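# Working through the structure, step by step
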Amino acid sequence: MQKQEAARLAEEFGRSNISKWDELGCSIHPADRLYLPGHYVFAYPPSAESGARLGGNWPIVVNERTGECRFVRGVDEYMKLKAARPL
């Protein structure tokens, strides 16, 4: 699966799991500082115009083989993804 298709799936997942997605003006961006082999990782910051700041919003992980989407599973997984990024 290409990154563009994974981004589309991540956006669909975000829209269906975050009730104020459109109201906050969220959009999908690659989370380049996070790394999980076999997966794409995306952040979804709100638009600057919304004036909102999301706290504790776990990135969306997309399996590159199956297209399955999920949120990062808590602080421990987040720290592992952050530490695992290639140099």
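Above: the structure in question.
Rules behind the numbers
- Residues numbered from 1 in each chain as written.
- Predicted model: local features only at pLDDT ≥ 70, side-chain atom pairs only at ≥ 80, totals over all residues.
- Heavy atoms only, no water.
- Helix = DSSP H or I, 4+ residues; strand = E, 2+ residues; numbered from the N terminus.
- Expected span 1.5 Å × (residues − 1).
- Buried < 20%, exposed > 50% of the residue type's maximum accessible area, 1.4 Å probe, protein only.
- Arc of directions from axis to C-beta.
- Contact = heavy atoms within 4.5 Å.
- Salt bridge = Lys/Arg side-chain N within 4 Å of Asp/Glu carboxyl O.
- Core = buried A, V, L, I, M, F, W, Y, C linked by side-chain atoms within 4.5 Å.
- Pairing = 2+ DSSP bridges.

Before going further, it helps to spend a moment on helix 1 (residues 3–17). Spanning 15 residues, helix 1 covers 21 Å between terminal C-alpha atoms, matching the ideal 21 Å at 1.5 Å per step. Within the sequence span of helix 1, burial applies to Ala 6, Leu 9, Ala 10, Phe 13 and Gly 14. Projected down its long axis, helix 1 carries its buried residues within an arc of 140 degrees, all on one side. Along helix 1, exposed side chains directed more than 90 degrees from the buried face belong to Gln 4 and Ser 16. Tucked into the core, helix 1 has its buried residues touching helix 2 (21–24), strand 2 (39–43), strand 3 (60–63) and strand 4 (69–71).

By secondary structure assignment, the location of Glu 77 is in helix 3 (residues 74–83). Contact partners of Glu 77, with chain neighbours within four places excluded, come to Leu 36, Arg 70, Phe 71 and Val 72.

All right, on to the pattern of salt bridges then. Tallied over the full model, the rule gives 6 salt bridges. We note a salt bridge from Glu 12 to Arg 8, for which the minimum N-O separation is 2.2 Å. Here Glu 12 pairs with Arg 8, and both are found in helix 1, just 4 residues apart, close to one helical turn. The exposure class assigned to Glu 12 is partly exposed, which follows from its relative accessible area of 43%. A single salt-bridge network, built from bridges that share partners, covers Glu 5, Arg 8 and Glu 12.

This paragraph deals with the nonpolar core. Among the nonpolar cores identified, the biggest contains 15 residues, and Ile 28, Phe 42, Ile 60 and Val 62 are the most heavily contacted of them. Residue assignment for this core shows that the elements contributing at least two residues are helix 1, helix 2, strand 2 and strand 3. It is helix 1 that contributes the most residues to this core, 4 residues altogether. Excluding residues that lie within four positions of it along the chain, Phe 42 makes contacts with Lys 3, Ala 6, Ala 7, Ala 10, Ile 28, His 29, Pro 30, Ala 31, Pro 59, Ile 60 and Val 62. Membership of the second largest hydrophobic core comes to 7 residues, among which are Ala 31, Leu 34, Leu 36 and Leu 81.

A few words on the pairing of strand 2. On a regular strand, one side chain projects to one face of the sheet and the next to the other, so that they alternate. Where strand 1 (residues 29–30) meets strand 2, 2 bridges bridge the pair, whose relative direction is antiparallel. Pairing of Pro 30 across the sheet is with Phe 42, part of strand 2. Here 4 bridges tie strand 2 to strand 3, and the two strands are oriented antiparallel to one another. The residue of strand 3 that forms the bridge with Phe 42 is Ile 60.

Just geometry here; none of it tells us what the structure is for.
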